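Coordinates in review
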Amino acid sequence: MVLKIAIVGNIASGKSQAELFFKDLGYPVYDTDDFSHQILNEMTDFYGYDIFTQGKPDRKKLGKLIFSNPQLKQKLEEFIHPKVKNKIVEVFEKHKNEKLIFVSVPLLYEAGFEGLFDKVIFISANENIRLKRLMKRNNLTEEEAILRIKAQVSEDIKIKKADYTIFNNESMDYYNKQLSAILNKLKT
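None of the values given here were measured: they were computed from a predicted structure.

Taken together, the five strands give an open sheet; going across it, the order is β2-β5-β1-β6-β7, and neighbouring strands pair in parallel fashion. The open sheet terminates on both sides in strands that have one partner only, identified here as β2 (29–31) and β7 (164–167). When the angles between neighbouring strand axes are averaged without regard to direction, this sheet yields 20°. Two strands pair when backbone bridges link them, and strand β6 (residues 119–124) and β7 are joined in this way by four bridges, in the parallel orientation. When the sheet's bridge partners are listed, I123 is paired in β7 with I166. Relative to the sheet, helix α1 (residues 15–24) contacts β1 (3–9), β2, β5 (100–104) and β6, its axis offset from that of β1 by approximately 150°. Where helix α2 (residues 32–42) meets the sheet, it contacts β2 and β5, and its direction lies at approximately 50° from that of β2.

Strand residues, when the strand is regular, have side chains that alternate between the two faces of the sheet. Counted residue by residue, β1 has five buried out of seven residues, so it is predominantly covered. Note that β1 and β5 share five bridges and pair parallel. Residue pairing across strands places I5 opposite F102, the latter belonging to β5. Looking at chain direction, β1 and β6 are connected through five bridges and run parallel. Looking at the pairing, I7 lines up with I121 of β6.

What follows covers helix α4 (residues 70–94). For α4, built from 25 residues, the straight-helix expectation of 36 Å at 1.5 Å per residue is met to within 8% by its first-to-last C-alpha distance of 35 Å. The sharpest bend along α4 comes to roughly 30°, located at I80, with the proline P82 sitting one to four residues further on. Burial in α4 covers these residues: L72, K73, L76, I80, H81, V84, I88, V91 and F92. For α4, the elements touching its buried residues are β1, β2, α2, α3 (59–67), β5 and α5 (108–111). Among the residues of α4, the N-terminal cap falls to N69, whose side-chain oxygen and the backbone nitrogen of Q71 are separated by 3.1 Å.

Cut-offs and rules
Residues numbered from 1 in each chain as written. Predicted model: local features only at pLDDT ≥ 70, side-chain atom pairs only at ≥ 80, totals over all residues. Heavy atoms only, no water. Pairing = 2+ DSSP bridges. Helix = DSSP H or I, 4+ residues; strand = E, 2+ residues; numbered from the N terminus. Axes fitted to C-alpha atoms, helices over the stretch in contact; angles between N-to-C directions. Contact = heavy atoms within 4.5 Å. Buried < 20%, exposed > 50% of the residue type's maximum accessible area, 1.4 Å probe, protein only. Expected span 1.5 Å × (residues − 1). Bend = angle between axes of the 7 residues up to and from the residue. Polar contact = N/O pair within 3.5 Å; in protein donor to acceptor, adjacent residues only side chain to side chain.

What follows is the structure, given as structure tokens:
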């Protein structure tokens with residue numbers, strides 16, 4: 001029976017590094033952001049708002065819109081979350097004979113998906129570090145980045161709910177040692 005593990009962390013905490021770590025060791029790893037992007041690509045309209053550029057959803061345009069309008073953000077989540085949940089269930093069925101499967105779920109708690117998983121690994125990073133990473137990675141202003149950070153449930157709450165917490169404020173070597181230690185616990 002497969003052990004289903006969620007990789008969780010607030011925006012720009014380092015979830016993709018954890019995904020690569022487990023993927024490089026040969027484990028099946030999925031990212032619900034990829035599922036969300038696929039679903040967005042299937043959209044033809046967003047409640048009358050123009051979020052498309054050259055026929056495809058423009059995520060930067062969409063981000064500006066939803067992070068400044070909580071009602072639109074909620075409508076989008078109500079549309080996307082059930083579809084993402086179905087994709088997670090499909091992945092579990094596909095890999096039911098594996099020992100471990102990892103799914104990166106940035107909005108695990110916000111979407112109410114925690115019941116789908118056996119264990120949760122939370123990736124934590126100081127807010128000022130995440131802010132700098134997010135501004136650089138997504139080419140955002142400080143104000144835009146802060147809006148995205150503030151849209152998520154606080155790390156303190158998520159840490160209390162997680163089975164394991166990794167602190168990603170130091171070197172990659174230290175980060176990988178923490179991942180290795182958790183992997184050893186999961187394999188026993």
